[in-house]
Amino acid sequence: MNINQIKQLKYDNKKISMLTCYDYSSAKIINQSNIDMILVGDSAAMVMHGHNSTLPIDVATMALHIKAVAKGAPDKFIVGDMPFMSFRKSLSDNMTAVEKIMKAGAHAIKLEGFDGNLELIKHIVQSGVPVMGHLGLTPQSVNSLGGYKVQGKIDEDKIKIINDTQSLEKAGCFAVVLECVPSTLSQDIAKQTEIITIGIGAGDCVDGQVLVINDMLGMSGDFQPKFVRKYLNAEQLFLQAFNEFDKDVKDSQFPSSKESYS
Ligand code: KIV
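Turning our eyes to something else, we now look at the pattern of salt bridges. One pass over the structure, following the stated rule, counts nine salt bridges. We note a salt bridge from K103 to E99, for which the minimum N-O separation is 2.6 Å. Of the two residues, K103 and E99 are both situated in helix α5 (residues 91–103); the distance of four residues between them amounts to about one turn of the helix. On the basis of relative accessibility, which here comes to 67%, the residue K103 falls in the exposed class.

When strand β1 (residues 16–20) meets strand β8 (residues 208–211), the two strands line up parallel, connected through four bridges. Residue pairing for β8: M18 is matched across the bridge by V210. In terms of strand pairing, strand β7 (residues 196–200) meets β8 through two bridges, oriented parallel. Across the sheet, G199 pairs through a bridge with Q209, a residue of β8.

Tracing the chain through its elements places F227 in the loop between α10 (213–216) and α11 (234–250). With 48 residues separating them along the chain, F227 and E179 place their C-alpha atoms 9.9 Å apart. When residues no more than four places from it in sequence are discounted, the contact partners of F227 are C180, I200, G201 and L211.

Definitions and limits used
The residue numbers shown here count from 1 along each chain, following its written sequence. Confidence filtering applies because this is a predicted model: local features only for residues at pLDDT of at least 70, side-chain atom pairs given and counted only at 80 or more, and all residues used for totals across whole chains, interfaces and linings. Here the side-chain values reflect all heavy atoms present in the structure, with hydrogen atoms and water set aside. For this document, the term salt bridge refers to a Lys or Arg side-chain nitrogen within 4 Å of an Asp or Glu carboxyl oxygen. Going along the chain from the N terminus, every DSSP run of H or I of four or more residues is numbered as a helix, and every run of E of two or more is numbered as a strand. The classification of residues rests on relative accessible area computed with a 1.4 Å probe and restricted to protein chains. Under 20% of the type maximum is buried, over 50% is exposed, and intermediate values are partly exposed. Strand pairing requires that DSSP identify at least two bridges connecting the strands. When checking whether two residues touch, look at their non-hydrogen atoms; a contact exists if any pair is within 4.5 Å.

Structure, rendered in structure tokens:
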């Protein structure tokens, strides 16, 4: 899958599926699936490293996750997230961070927000790197937003998100993630822009959907936002397997002669 094929999906009015992924083994399974795009998201900070926000992850750690995913999913279009603050420094430092993410194996980068990012986005695009924007609930700004809340509910915010999407499109972004915004806002954006819209908690008036893999597999404990659909209860299945192994070991049922060398 390459960027032209992703764009073609939109032109053909076909929905785009995207999942986050952070490791080689899961990437290998996604590679065999029909999923169109992979996001190596900075949500890795929370679901892989146990932090309570996405802020602590750095470029080197993101690059490690991207390298593993790129090895496991050579056929998929991989978007690498620019972590918190990695694109808010000097142009030179910002571009070094972009370079590390791309050289790790991403085919595009994603960065959150619009204010103050316009010139950088143009520069990245002009450097031959596809850019995906991210508007609405931007988790890296959780401290300014005062929590993980639905965005764009009041008219002023709604207009800003529409304007920012248009500006991202003009700056050359090929796509934008819309996170936790009312469906009516996504609908307005779809009417007023041509950019590929990928929603997470943004209703169905978008071109595609992204979910955090751990959430959709049922591996995120009690974390159950309204927009997540659980396709598996992996936590339960893992627990069952772990306890069966524990019992077999303790009952001397594992290993059997078949599982031992003669
Ligand atoms: O990091 C991430 O997983 C994301 C998605 C929530 C879109 O940015």
